[in-house]
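Examining the three-dimensional arrangement
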There are 2 protein chains.
Amino acid sequence: MGTFELFKAHLTRITDLKMISSMMNWDMETYMPEKGGFYRGQQMATLSGIIHQMAIDPRLGKWIAQLQKDNQLNAVQKRSVALAKRGFERSGKYNEAFVVELSTTISASHQAWQKARAADDFSIFAPMLEKIVSIKRRECEILGYQDHPYDALIDQFEPGTTTAEVDTLFTEVRAQLMDFVHRIQLKQTPEVDFLYAAYPTNEQWDYGLALLQQMGYDFKAGRQDVSAHPFSTTFSPEDVRITTRVEEKNFYGMVWSCIHEGGHALYEQGMPTQYYGLPVCEYVSLGIHESQSRLWENNVGRSMSFWQNNFDALKNRFPEQLNGVSLSGFYRAINAVRPSLIRTHADELTYHFHILIRYKIEKALIEGSLEVRDLPAYWNACYKEYLGIDVPSDAEGVLQDIHWSHGSFGYFPTYSIGSFYAAQFYHQATKDIDNLEDEIASGNLKPLLGWLRKNIHQHGKMYTARELCERTTGEPLSFQYFMDYAFKKYGALYDMKVENVL
Amino acid sequence: MGTFELFKAHLTRITDLKMISSMMNWDMETYMPEKGGFYRGQQMATLSGIIHQMAIDPRLGKWIAQLQKDNQLNAVQKRSVALAKRGFERSGKYNEAFVVELSTTISASHQAWQKARAADDFSIFAPMLEKIVSIKRRECEILGYQDHPYDALIDQFEPGTTTAEVDTLFTEVRAQLMDFVHRIQLKQTPEVDFLYAAYPTNEQWDYGLALLQQMGYDFKAGRQDVSAHPFSTTFSPEDVRITTRVEEKNFYGMVWSCIHEGGHALYEQGMPTQYYGLPVCEYVSLGIHESQSRLWENNVGRSMSFWQNNFDALKNRFPEQLNGVSLSGFYRAINAVRPSLIRTHADELTYHFHILIRYKIEKALIEGSLEVRDLPAYWNACYKEYLGIDVPSDAEGVLQDIHWSHGSFGYFPTYSIGSFYAAQFYHQATKDIDNLEDEIASGNLKPLLGWLRKNIHQHGKMYTARELCERTTGEPLSFQYFMDYAFKKYGALYDMKVENVL
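Note that the coordinates shown come from a computational prediction; the quantities given were computed from them, not determined experimentally.

1. A closer look at the overall build of chain A
- Tallying secondary structure elements over chain A gives 20 helices and three strands in all.
- Here the C-alpha atoms of chain A give a radius of gyration of 23 Å, agreeing with the 23 Å that 2.2 N^0.38 yields for 502 residues.
- Once the C-alpha set of chain A is aligned to its principal axes, its extents read approximately 70 × 55 × 50 Å.
- By residue count, 42% of the 502 residues in chain A fall in the buried class.
- Put simply, 70% of the contacts in chain A that link residues at least 6 apart link residues at least 24 apart.

Have a look at this one:
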């Protein structure tokens, strides 16, 4: 075998093991019996340890060094070597003691968070969160950074993006979006109660499957199961699974989470399979991943065009629940803008305030300007300031998200970044595809999926997020596309005069 | 860490990976989407390769050598070292090229078998079977043996058992059992059609769960799912899963396969968890494993006592299907002795003729006295001789079992050995437990499960099969217990005079 083949075989083995690890996680969230957790945790730790050992294997370093000097490599090979180099160097920074400490702290912290949330008592979680913050701060030092320690963390999820860039972006978000939402709040709130009527769960399940089918999700290369929290996961580009949660009185939550996870899964099913094992056959960044889920969930799934095609069938399926509801009433309801306590229940505009708050907090925790003990009060003050609402309990406040208990600092901003990419991509798609909205209104989602496959999915990690965005839309990420989308859509919905339309 | 701790940690990591491999297999048989197979196969091969590397790690050999000289070890530690030594030596005999050749041949052969069975054409499978036989013959030489090459193969499934011993046992089986079955066949066949009436599949599913519950299967440490072929599998003693197949017109198959797999699963749930990772926390042999499934399936599940307790509830659940059927009619039906084509459909007496035939054939293939091309004719002749029936097609004949396509030579005898152990264990249980049959007839299965936990399950692999049998019953395996059980039960059922009762 040549050097590149040795290099590829090694990386492929690592990929195989990571996919296996995803499967163990999937089973844990879907089918694992109650007592199965203890040994599952141990088995996953064993696997992680082996993956880490393989990731820092000195032979890999040697192959990378040799390949960097090789002029014969094609573009995919070059990019693979460059990405592998970054991964190898990053992995090499961690010593085993730190990895073990991190994983055991996360495990204990996750349990403490679950207890704290159940008991609605932040003080149960606080000592573990302090530990997590202190470990994450050490991790920033281990990984290194230019300007702000938080740079090291966000780079894990959104490679190449800095705290300064996010600051700039979010300052704009705050300035423009908050003003717009305040104006919307002066208008009358639409009727939404019918979205929360009782919808039989088996009918909901079937409807979710029908939506995924319509989107082009390949059920021969995937499946949907039930879990407490919806997610999508990948065992290979030919086995990409979705989970959903079905509750009788939360039809609304089920439908859009189903479309959201479907968007993630379409991205993974569209990866360049021929490069399985190489880092180019991976997603670009969490922001780009989220752009795919949000584009389907919001730009498509909350559009008038989509429901022009789907509303009649929906009403036939649930005639009682939607009795007397018109298409336009339905459209207004699914786009109601209302400040809320829980991030995952938020509409597509106020959602970003939830992110701004979390970003502000975790940056402050990492830089040391906020103490864990002051967190609940600070959280509640932020919710008052950004969303104008009072937080009645820790469970519905600072304890609502799993992320910090998992040590995932730097993750939250990617949700908003994903929405903004989605708006920019969708804007470009409407330019590139003849009569896209008409196609959607007639039930033809193929042109859109084809466009995403061609411009986003098939490239895997061949380009950085910035490069991909520039190749696809001619410019780097610009928040104006999102604001433009918001102005147009919500201006019409709430009968408002809007300016600044692109 | 001391040497034993290092040794244990290494073996535990290997166990972790084997359990992960079981989970991947389970998912493949239950939930994996159609296209998922290619990468799944590759991922499993990667994991197997890593397991093999760890199994032949020279450090393990060094630790074993050191521990063998250690006088301070307790009994469990000593046994662990002895078992690990055997495993280490066995693994070391295989070189990587052979392992790869074996696994790729098995993979291709399995596909050829599936095609051949679907097309009812042995010639599609024959070339691959020849390859498999030739590889298995080489494997016998690699592993080594005393008298007969087949010794090396059976030792993988029933450690310490030789071809000569199986020959002796099966000669007895043939002599005694065949004569008895011939006498039964002169009697009238009971009515069985109601067992194959249409039973709603969801009701069947619920009934299967209720049976498992009754047996004492812990659903917090396991679950049941659907697969094409029922099996049980272990991810840890606290996550032992069962699968079943539910078909409207095969209620009979569902019930006893459910009890059968439940018996396997109870054994695994009863393993000495405190030794997880050490070889003492494994099953003794396939024969002992099968004794646990057969004891529940036949000695309990096909007994009058069991149905004295269960028949009324069954009839209430399926009043139409069992309309006019009495308890004794039901008992006769579920114990009907009828020669049949398919091993897995056989009653508990003629079942063993299916095994005798397979044993005779695979021994002949391995020793080279039978050619693959002559196999179908030989198979059919055996079925005529042993069971008195004509085989209408390869699909229902020589192609019916998966085992040879998987390279599992030496596996079949353990099914019969398991039944014989079951009879001997059950005989002892009736001596040790006060009024066992009355307890079962009153629905109390706890004393029996307690007896199995105490005498079989909790010992894991602390003893050899022979030792375990002697400790539990006072003597080594004796076929007479099975014949005695058969004489008593079927003598009464078919109103026959029987002798030789113990």
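2. Focus on the environment of Phe7 of chain A
Residues and elements named next belong to chain A.
- Mapping Phe7 onto the fold places it in helix 1 (residues 3–30).
- Owing to 23 C-beta atoms within 10 Å, Phe7 belongs among the buried residues under this scheme.
- Here the alpha-carbon distance between Phe7 and Val81, two residues 74 residues apart in the chain, equals 8.8 Å.

3. Considering the packing of helix 16 (residues 413–432) of chain A against helix 19 (residues 465–473) of chain A
Residue and element names in this part refer to chain A.
- With their axes 10 Å apart at the nearest point, helix 16 and helix 19 run at an angle of 25° to one another. One way to sum up the angle between helix 16 and helix 19 is to call them roughly parallel. In this structure, helix 16 crosses over helix 19, and the sense of that crossing is left-handed. The segment helix 16 lies against helix 19, with Tyr421, Gln424, Phe425 and Gln428 engaging Cys469, Thr472 and Thr473.
- Among the residues forming the contact of helix 16 with helix 19, the class breakdown is three nonpolar, four polar and no charged.

4. Describing the domain arrangement of chain A
All names here are of chain A.
- Once the domains are mapped, chain A shows domain 1 (3–146) and domain 2 (193–337 + 425–466).
- Contacts between the two partners involve 17 residues from domain 1, matched on the other side by 17 residues from domain 2.
- Among the secondary structure elements, those contributing two or more residues to the side of domain 1 that touches domain 2 are helix 1 and helix 4 (75–93).
- The greatest single-element share of the side of domain 1 that touches domain 2, amounting to 11 residues, is contributed by helix 1.

5. Some points on the sheet that holds strand 3 (residues 239–244) of chain A
Residue and element names in this part refer to chain A.
- Strands sit in the order 1-3-2 across an open sheet of three strands; the sheet is mixed. The open sheet has two free edges, formed respectively by strand 1 (224–226) and strand 2 (232–236), since each of these has just one partner strand. Within the sheet, the average angular offset between the axes of one strand and its neighbour, ignoring direction, is 30°.

6. Regarding the relation of the copies chain A and chain B
- Note on the copies: chain A fits chain B at an RMSD of 0.0 Å, the axial shift is 0.0 Å, and the rotation between them is 180°. In short, the pair behaves as if placed about a two-fold rotation axis.
- The overlap is high: 100% of the interface residues of chain A also sit at the interface in chain B, so the same surface is used on both sides.

7. Things to note about the interface of chain A and chain B
- Between chain A and chain B, the contact holds 31 residues from the first and 31 residues from the second.
- If you list the elements that add at least two residues to the side of chain A that touches chain B, you get helix 1, helix 2 (37–55) and strand 2 of chain A.
- The element best represented in the side of chain A that touches chain B is helix 1 of chain A, accounting for eight residues.
- The residue inventory of the side of chain A that touches chain B, partitioned by class, reads 16 nonpolar, six polar and nine charged.

8. Side note on the sheet that holds strand 3 (residues 239–244) of chain B
Residues and elements named next belong to chain B.
- Taking strand neighbours across the sheet as the criterion, the three strands line up as 1-3-2 in an open arrangement whose pairing is mixed. Edge strands, defined here as strands with exactly one partner in the open sheet, are strand 1 (224–226) and strand 2 (232–236). If you compare each strand with its neighbour and ignore which way they point, the axes differ by 30° on average.
- Bridge count between strand 1 and strand 3: three bridges; the pairing is parallel. Bridge pairing links Gln224 to Ile242 in strand 3.

9. A short note on the pairing of strand 3 of chain B
All names here are of chain B.
- Within strand 3, six of the six residues are buried, which leaves it mostly tucked inside the rest of the structure.
- Residues of strand 3 alternate between two faces, with Asp239, Arg241 and Thr243 on one and Val240, Ile242 and Thr244 on the opposite face, all of them buried.
- Pairing analysis gives four bridges linking strand 2 to strand 3, with the strands arranged antiparallel. Its bridge partner lying in strand 3, Thr234 is registered against Val240.

10. Some details on unusual backbone geometry
- The phi dihedral of Asp120 of chain A falls on the positive side, at around 50°, and the residue is not glycine.
- Mapped onto the fold, Asp120 of chain A is located in the loop between helix 5 (96–119) and helix 6 (122–143).

11. Quick look at helix 9 (residues 201–215) of chain B
Residue and element names in this part refer to chain B.
- With 15 residues, helix 9 ought to run about 21 Å at 1.5 Å a step, and its terminal C-alpha atoms sit 21 Å apart, in line with that.
- What helix 9 keeps buried is the set Gln204, Tyr207, Gly208, Leu211 and Leu212. Taken down its axis, helix 9 places every buried residue within 140° of arc, on the same side. Those residues of helix 9 that are exposed and aimed more than 90 degrees away from the buried face are Asn202, Asp206 and Gln213.

12. Topic: the environment of His354 of chain A
All names here are of chain A.
- In this fold, His354 is placed in helix 14 (residues 351–367).
- The spatial distance from the C-alpha of His354 to the C-alpha of Arg343 is 5.8 Å, given a sequence separation of 11 residues.
- Those residues within four positions of His354 in sequence are excluded, and the remaining contacts are Arg343 and Ala346.

13. Concerning the pairing of strand 2 of chain A
- With five of its five residues buried, strand 2 of chain A lies for the most part within the structure.
- Where strand 2 of chain A folds back on strand 3 of chain A, the antiparallel hairpin that results is connected by two residues.

14. With respect to helix 5 of chain A
- With 24 residues, helix 5 of chain A should reach 34 Å at 1.5 Å per residue; the first-to-last C-alpha distance of 35 Å fits that figure.
- In this fold, the buried residues of helix 5 of chain A make contact with helix 6 of chain A.

15. Some words on the environment of Trp404 of chain B
Residue and element names in this part refer to chain B.
- Within the secondary structure, Trp404 is located in the loop between helix 15 (375–387) and helix 16 (413–432).
- The class of Trp404 is buried, set by 27 C-beta atoms lying within 10 Å.
- A sequence separation of 20 residues divides Trp404 from Lys384, and the C-alpha atoms of the two residues are 22 Å apart.

16. Observations regarding the packing of helix 1 of chain A against helix 1 (residues 3–30) of chain B
- In contact at an axis separation of 11 Å, helix 1 of chain A and helix 1 of chain B are set at 70° when each is read in the N-to-C sense. With respect to helix 1 of chain B, the element helix 1 of chain A is oriented roughly perpendicular. Together, Ile20, Met23, Met24 and Asp27 of chain A of helix 1 of chain A and Ile20, Met23, Met24 and Asp27 of chain B of helix 1 of chain B make up the contact between the two elements.
- Looking at the contact of helix 1 of chain A with helix 1 of chain B, its residues break down into six nonpolar, no polar and two charged.

Scoring rules and cut-offs
Residues numbered from 1 in each chain as written. Chains lettered and ligands numbered in written order. Predicted model: local features only at pLDDT ≥ 70, side-chain atom pairs only at ≥ 80, totals over all residues. Helix = DSSP H or I, 4+ residues; strand = E, 2+ residues; numbered from the N terminus. Rg over C-alpha atoms; globule rule 2.2 N^0.38 Å. Buried ≥ 20, exposed ≤ 12 C-beta atoms within 10 Å, placed from the backbone. Contact = placed C-beta atoms within 7 Å. Axes fitted to C-alpha atoms, helices over the stretch in contact; angles between N-to-C directions. Parallel < 35°, antiparallel > 145°, perpendicular 65-115°, else oblique. Left-handed = near helix turned anticlockwise from the far one by under 90°. Nonpolar A, V, L, I, M, F, W, Y, C, P; charged D, E, K, R; others polar. Domains from an automatic or database assignment. Pairing = 2+ DSSP bridges. Least-squares fit on C-alpha atoms with pLDDT ≥ 70 in both. Expected span 1.5 Å × (residues − 1). Arc of directions from axis to C-beta.

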